[in-house]
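Survey of secondary and tertiary structure
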Amino acid sequence: MTNEERDIQRKLKVLQHAEKIGNARKACRYFGIGRSSFYRWRDAYQKHGEAGLKNAKSIPKNPANQTPAEIVDKVLYLRRKYHLGPIRIVWYLARYHGIKISDAGVYRILKRNGLNRLPRGTRMRKLHTKRYQKQVPGHHIQVDVKFLTFIGKRGEKVRRFQYTAIDDATRVRALKVYEKHTQANAINFIDHIIEKFPFRIREVRTDNGHEFQAKFHWHVEDLGIRHAYIKRGTPQLNGKVERSHRSDQQEFYQLLSYKGDVDLEAKLDEWERFYNFARPNGAHNGQTPYEALRDKLQSVVHRIYECRVHDVHFAVIHLEDSNVVLKCVCDHFGPCRAAENSNMGLG
């Protein structure tokens, strides 16, 4: 018998004793309860039977500040579908639905519906290195490879390799899928991100995988970009690209049905654009990577020079602490590498 059932039996015993002796005052004195409680129990029992004797919650059934059902449904959908945490759910609702709700409110909704704990296997490993974040776009690019396994049309396993580059300061990413895991593809990917990123790259950091060895290393160095290896057995030193791979798995690949390389490349390109331009990022309090890039540039811009070198117009933005040259400030500006030939002394 539960506590609630025992409480109902106790109240029934009081009501039955009062009816037996025909005196409510004596029954209340015998059981040590107040007469107001007795009459409230009696009225509830006459209207609803034993169900009326249950202890009701001390809150109104429909408070004015109760979260609307449609918002609750959106919160539960984001949790079940994408395993998002309360803060990220708040950002998504604000950005895409114009809904304002606190992270505490989201947590209470999840707890009421038994979703306050993530499924097994999503625990975070303990951090045993010091976190850091560069402030200048392009100063530090992390590169890594994500191994992909799909099921082909005939049931066979299909292996593909996603090469990923992420800017430490802004979290702007570039993605590309290859059929093979080789240095040649790693070199091709470096050339791809140089053209893709809207800023000049100063350093590339990788692990010690075979795809990042001598040929790759000297190709990067010949481009005027520093290449650094992380310590062996410490993937957390490339933690930002590793964490982005987890987002890829949870928010993209688990929802993907493999239909061929052409379809995969098209969907990956769409996911890359969404990640860079529309997806709220936890590192920037809900801003997208390109919104963070815009704010960083606006906050540190001192002056914009317009120069003419070899009959080519270009723009140079001088930033604090480091000199960053945007490769494409405007469509009518020429390549920023022409700044290296000018007398402005920018690195």
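Attention here is on the structure that accompanies the text. Only a predicted model underlies this, so the values are computations on that prediction, with no experimental measurement involved. (Residues numbered from 1 in each chain as written. Predicted model: local features only at pLDDT ≥ 70, side-chain atom pairs only at ≥ 80, totals over all residues. Heavy atoms only, no water.)

**As for the overall build of the protein**
The secondary structure content of the protein amounts to 11 helices and seven strands. Taking all 347 residues of the protein together, the buried fraction comes to 41%. Carbon and sulfur atoms make up 49% of the accessible area of the protein, which amounts to about 21,400 Å² in all. (Helix = DSSP H or I, 4+ residues; strand = E, 2+ residues; numbered from the N terminus. Buried < 20%, exposed > 50% of the residue type's maximum accessible area, 1.4 Å probe, protein only. Areas by Shrake-Rupley, 256 points an atom, 1.4 Å probe, with all protein chains shown as cover.)

**Some remarks on a positive patch on the surface**
A cluster of basic residues, Arg-25, Lys-26, Arg-29 and Arg-35, forms a positive patch at the surface. Sort the elements by how many residues they give to the positive patch and helix α2 (residues 24-31) lands first, with three residues. Counting through the fold element by element, Arg-35 comes out in helix α3 (residues 35-48). Given a relative accessible area of 47%, Arg-35 falls into the partly exposed group. (Patch = residues over 30% accessible without salt bridge, like charges linked within 9 Å, V, L, I, M, F, W, Y side chains within 5 Å. Salt bridge = Lys/Arg side-chain N within 4 Å of Asp/Glu carboxyl O. Lys, Arg positive; Asp, Glu negative; His and termini not counted. Charge placed at Lys NZ, Arg CZ, Asp CG, Glu CD.)

**Side note on the sheet that holds strand β3 (residues 173-178)**
Strand pairing in a sheet is mediated by backbone hydrogen bonds. Such pairs are either parallel or antiparallel. In spatial order, the strands read β3-β2-β1-β4-β5; together these five strands make up an open sheet with mixed pairing. Sheet topology places β3 and β5 (226-229) at the edges, where each strand pairs with a single neighbour. Between one strand axis and the next, the sheet turns by 25 degrees as a mean value, whatever way the strands run. The pairing of strand β2 (residues 157-167) with β3 spans six bridges and is classified as antiparallel. Bridge pairing links Gln-162 to Val-177 in β3. (Pairing = 2+ DSSP bridges. Axes fitted to C-alpha atoms, helices over the stretch in contact; angles between N-to-C directions.)

**Comments concerning the packing of aromatic side chains**
According to the stated counting rule, one finds 16 aromatic pairs in the structure shown. Ring geometry for Phe-150 and Tyr-258: centres 4.7 Å apart, planes at 10 degrees, overall stacked. Here the residue Phe-150 occupies a position in strand β1 (residues 141-151), and Tyr-258 occupies one in the loop between α9 (239-251) and α10 (261-277), the gap between them amounting to 108 residues. Judged by relative accessible area, Phe-150 falls into the buried class, the value being 8%. Three or more aromatic residues joined by ring pairs make a cluster, and in this case those are Phe-150, Phe-252, Tyr-253, Tyr-258, Trp-271, Phe-274 and Tyr-275. (Phe/Tyr/Trp six-rings, centres within 6.5 Å; stacked < 30°, edge-to-face > 60°.)

**Regarding helix α1 (residues 3-21)**
With 19 residues, α1 extends 27 Å between its outermost C-alpha atoms, agreeing within 8% with the 27 Å of an ideal straight helix rising 1.5 Å per residue. When we look at burial in α1, the residues that qualify are Asp-7, Ile-8, Lys-11, Leu-12, Val-14, Leu-15 and Ala-18. Projected down its long axis, α1 shows its buried positions confined to an angular sector of 155 degrees, all on one face. Within α1, the exposed residues directed more than 90 degrees away from the buried face are Lys-13, Gln-16 and Lys-20. Downstream of α1 by one or two residues, Gly-22 has phi in the positive range, about 75 degrees. (Expected span 1.5 Å × (residues − 1). Arc of directions from axis to C-beta.)

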